[in-house]
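Residue-level structure breakdown
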Amino acid sequence: MLGCGLFSGIGFLIFFYNKKITLQKLEWDWKKRMAMFLISFFGIWKCGDMLRTIIRNEPIDFYNSTASDVLPQIGIMVDRFLDGIFPYQLITEWSFNHDLYPTYLPLTWMPFIIPEVLGLDYRWLAFAVLIIAMWYYSYKLISWNSNWISIVFLLIVPYFFLYSFLKEDNTGSFRLSIESLIAGYYLFLATSIFSKSNWVRGMALLCCLLSRYSLVLWVPLFFIILFFKEKKSNSYKIIGWIALGFLVLYIIPFLSKDFTIFQKGYEYHTEAALIAFHRYHYQSEYEMPALLAQGFGLAIYFNEIIDGTSADKSTALRLAHLISLCFMVFVSMIGFYKIKDRIDYRIFLLGTLKIYLVLFYNFIQIPYNYLYLPLVFVSLTMFALLFSRKNYSVE
């Protein structure tokens, strides 16, 4: 998985090396509008019907669940918020045999206030966010394209991927989690890199930063490149939108009441990460820990290579995680300085985003399989650019 991911990201950059692209914004005629409407309608109908079956077969009770604690944690935080209770407190009021300190940032759980108020299943909201991101992706690729075969093919691809994942939901990405929400955020970000709107780019970054801290080391690379390749005011405006979002959605309502909530959440997550190196009660002492045995990420190799306790292995993995990301960002900065006149900066940002996320999720401490869904949807924008390259003006 690591090799394939790195190969796709690096290969993408190599392909566009020494090519200057000009994205031609073409007019939207009624035929393109109709194509997007028909394909979206059919795709949403088929995928939505599949999700409806999943929801019917896997009802979620936040307080009496025996499966994943992802949706229960979100549901309890939403209930607390609507009842006027501070959501970032230890969760004890459920059927799991462990207490949990909330680890989710606001844009992971606050959007679910909407389905709670409307009486809908939370998984419909996560699905809707991904669909909206796919619409934005479709809008951008249609506005760049004049070739009908490319347009139809690239409109179908995201729905094909989504339907395939829904049909074979062995990972619980849709049954037991809201990972399609996160996938939607990252698809939005990958596509927004090619937007000229500071508001759109700012909102895309905000959605990602206030849902997971995954991108925190890549964001400086984004702004350094933007600072030198566009008007400096663009960087300031995007930073302004992000700062405003943090202030309104996180600092004022939550951090101002308890500035330790992020630290407590991080510490709880670090402690919980030890579960990856523990065998389940039904396993013998000679078996590989069940979570690692699924084969996702590099944690399995740290379990085999590092001698010591679970804490020692988790610490080594966490250190390698940090070093690999810092090294990747540092090399990217030097690399861009060397080749800045030979590659489009937006292509470089998209390629490095893919490489960064591949490293982040392969070194992740708790390698749950559903976490890898965003990587697939980030690749859609890369795929669209590769497939449609003949429709760009190449100098």
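The residue numbers shown here count from 1 along each chain, following its written sequence. Totals for whole chains, interfaces and linings use every residue, but because this is a predicted model, local features are given only for residues with pLDDT of at least 70 and side-chain atom pairs only at 80 or more, for both listing and counting. Side-chain measures were taken over the full set of non-hydrogen atoms in the model, leaving aside hydrogen atoms and water.

**Considerations on the overall build of the protein**
When helices and strands are tallied, the protein shows 17 helices and 2 strands. Throughout, the radius of gyration refers to the C-alpha atoms, and the reference size of a globule is 2.2 Å times the residue count to the power 0.38. Relative to the 2.2 N^0.38 estimate, which gives 21 Å for 395 residues, the radius of gyration of the protein is 22 Å and therefore close to what a compact globule would have. Each principal axis of the C-alpha atoms in the protein carries an extent, and together these give about 60 × 45 × 45 Å. Here the term buried applies to any residue with accessible area under 20% of the maximum for its type, exposed to any over 50%, and partly exposed to those in between, with areas from a 1.4 Å probe on protein chains only. Expressed as a percentage of its 395 residues, the buried residues of the protein come to 53%. A contact between two residues is defined here by any heavy atoms of the two lying within 4.5 Å. Pairs at least 24 apart in sequence give 76% of the contacts found in the protein among residues at least 6 apart. Here, Shrake-Rupley sampling with a 1.4 Å probe gives the accessible areas, and only protein chains in the shown set may cover a residue. Of the roughly 18700 Å² of accessible surface on the protein, a fraction of 65% belongs to carbon and sulfur atoms. His is not counted, nor are the chain ends; Lys and Arg add positive charge and Asp and Glu add negative charge. All charge positions are set by atom: Lys at NZ, Arg at CZ, Asp at CG, Glu at CD. Computed over 33 positive and 27 negative side-chain charges, the inter-centroid distance for the protein is 16 Å. Helix numbers and strand numbers start at the N terminus; a helix is a DSSP run of H or I with at least 4 residues, a strand a run of E with at least 2.

**As for the side chain of asparagine 198**
Its place among the elements puts asparagine 198 in helix H9 (residues 198-209). By relative accessible area, asparagine 198 is classed as buried at 11%. Any pair of N or O atoms that falls within 3.5 Å is considered a polar contact. Within protein, one atom must be able to donate a hydrogen and the other to accept it, and sequence-neighbouring residues count only if both atoms are side-chain atoms. Within the local environment of asparagine 198, its side chain forms a polar contact with the side chain of asparagine 234, the two groups lying 3.1 Å apart. In this view, asparagine 198 contacts Asn234, Lys237, Ile238 and Trp241; residues no more than four positions away in its chain are not counted.

**Things to note about the nonpolar core**
Buried Ala, Val, Leu, Ile, Met, Phe, Trp, Tyr and Cys residues form a nonpolar core when they are joined through side-chain atoms within 4.5 Å. Within the largest apolar cluster, 129 residues are counted, with the highest numbers of intra-cluster contacts made by Leu162, Leu215 and Trp218. Residues in contact with leucine 162, not counting those within four places in the same chain, are Cys47, Phe127, Leu130, Ile131, Met134, Phe174 and Phe377.

**Side note on a nonpolar patch on the surface**
Judged by side-chain polarity, Trp199, Trp241, Leu244, Leu247, Val248, Ile251 and Ile252 come together as a nonpolar surface patch covering roughly 620 Å² of accessible area. When residues in the nonpolar patch are grouped by element, the largest group, 6 residues, is from helix H11 (residues 232-255). Following the sequence through the fold, leucine 247 ends up in helix H11. Residues enter patches when their relative accessible area tops 30% and they take part in no salt bridge; the joining distance is 9 Å for like charges and 5 Å for the nonpolar side chains Val, Leu, Ile, Met, Phe, Trp and Tyr. A side-chain nitrogen of Lys or Arg and a carboxyl oxygen of Asp or Glu constitute a salt bridge if their distance falls within 4 Å.

**Considerations on the environment of phenylalanine 153**
Tracing the backbone through its elements, the reader meets phenylalanine 153 in helix H7 (residues 148-167). Spatially, the C-alpha atom of phenylalanine 153 lies 30 Å from that of leucine 359, the residues being 206 residues apart in sequence. For phenylalanine 153, the residues in contact, after removing those within four places along its chain, are Phe383 and Phe387.

**Notes on the packing of helix H16 (residues 345-362) against helix H17 (residues 373-387)**
At a closest axis distance of 11 Å, the pairing of H16 and H17 adopts a crossing angle of 155°. The angle between the axes of H16 and H17 places the two elements in the roughly antiparallel class. Crossing of H16 against H17: the hand is left-handed. Between H16 and H17, the residues in contact are Ile347, Leu350, Leu353, Lys354, Leu357, Val358 and Tyr361 and Pro374, Leu375, Val378, Ser379, Thr381, Met382 and Leu385, respectively. Gly counts as polar in this scheme, as do all residues outside two lists: the nonpolar Ala, Val, Leu, Ile, Met, Phe, Trp, Tyr, Cys and Pro, and the charged Asp, Glu, Lys and Arg. For the contact of H16 with H17, the class distribution of residues is 11 nonpolar, 2 polar and 1 charged. Between N-to-C directions, angles span 0 to 180 degrees; the directions come from axes that are lines fitted to C-alpha atoms, helices contributing only their stretch in contact. When an angle is under 35 degrees it counts as roughly parallel; over 145 it counts as roughly antiparallel; between 65 and 115 it counts as roughly perpendicular; any other value is oblique. Should the near helix be turned anticlockwise from the far one by less than a right angle, the crossing is left-handed, and should it be turned clockwise, the crossing is right-handed.

**Describing the pattern of salt bridges**
One pass over the full model with this rule turns up 8 salt bridges. Across the salt bridge formed by glutamate 58 and arginine 175, the nearest N and O atoms sit 3.4 Å from each other. Of the two residues, glutamate 58 is situated in the loop between helix H2 (30-57) and helix H3 (70-82) and arginine 175 in the loop between H7 and helix H8 (179-192); the sequence distance between them amounts to 117 residues. Take arginine 175: its relative accessible area is 23%, and that puts it in the partly exposed class. A salt bridge links glutamate 230 to arginine 201; the nearest nitrogen and oxygen atoms lie 2.9 Å apart. Residue glutamate 230 is located in the loop between helix H10 (219-229) and H11, and its partner arginine 201 is located in helix H9; the two are separated by 29 residues in the primary sequence.

**Things to note about the environment of leucine 209**
As for its placement among the helices and strands, leucine 209 is situated in helix H9. Placed 98 residues apart in sequence, leucine 209 and aspartate 307 show a C-alpha to C-alpha distance of 35 Å. Beyond its immediate chain neighbours, meaning those up to four positions away, leucine 209 contacts Leu105, Leu215, Val216, Val219, Ile242 and Phe246.

**Observations regarding the packing of aromatic side chains**
Ring pairs shown here join Phe, Tyr and Trp side chains whose ring centres sit within 6.5 Å, with only the six-membered ring taken for Trp; geometry is labelled stacked below 30 degrees between planes, edge-to-face above 60, and tilted in between. Summed over the entire model, instances satisfying the criterion amount to 28 aromatic pairs. Summarising the aromatic geometry, the rings of tyrosine 213 and tyrosine 266 are spaced 6.5 Å apart at their centres and angled 65° between planes, so their arrangement reads as edge-to-face. One end of the pair, tyrosine 213, is in the loop between H9 and H10; the other, tyrosine 266, is in helix H12 (residues 261-272), with 53 residues separating them in the sequence. One aromatic cluster is present, formed by Phe81, Phe86, Tyr88, Trp109 and Phe254 through successive ring pairs. When the NZ atom of lysine or the CZ atom of arginine is within 6 Å of a ring's centre and also within 35 degrees of its normal, the charge is said to sit over that ring. In this structure, lysine 46 packs its charged tip against the face of tryptophan 45, placed 5.5 Å from the ring centre. Over the face of the ring belonging to phenylalanine 227 we find lysine 232, whose NZ or CZ atom lies 5.0 Å from the ring centre.

**Remarks on the environment of phenylalanine 161**
Its location among the elements puts phenylalanine 161 in helix H7. Contacts of phenylalanine 161, omitting those with residues within four sequence positions, involve Val376 and Leu380.

**As for H17**
Every helix has an expected span of 1.5 Å times one less than the residues it contains. Relative to the 21 Å expected for 15 residues at 1.5 Å per residue, H17 spans 22 Å between its end C-alpha atoms, a close match to the ideal helical length. The largest bend along H17 reaches roughly 25° and is located at threonine 381. Every buried residue of H17 is listed here: Leu373, Pro374, Leu375, Phe377, Val378, Leu380, Thr381, Met382, Ala384 and Leu385. Of the surrounding elements, those touching the buried residues of H17 are helix H1 (2-16), helix H6 (122-144), H7, H8 and H16. The seven residues ending at a residue and the seven starting there each receive a fitted axis; the angle between those axes is the bend at that residue.

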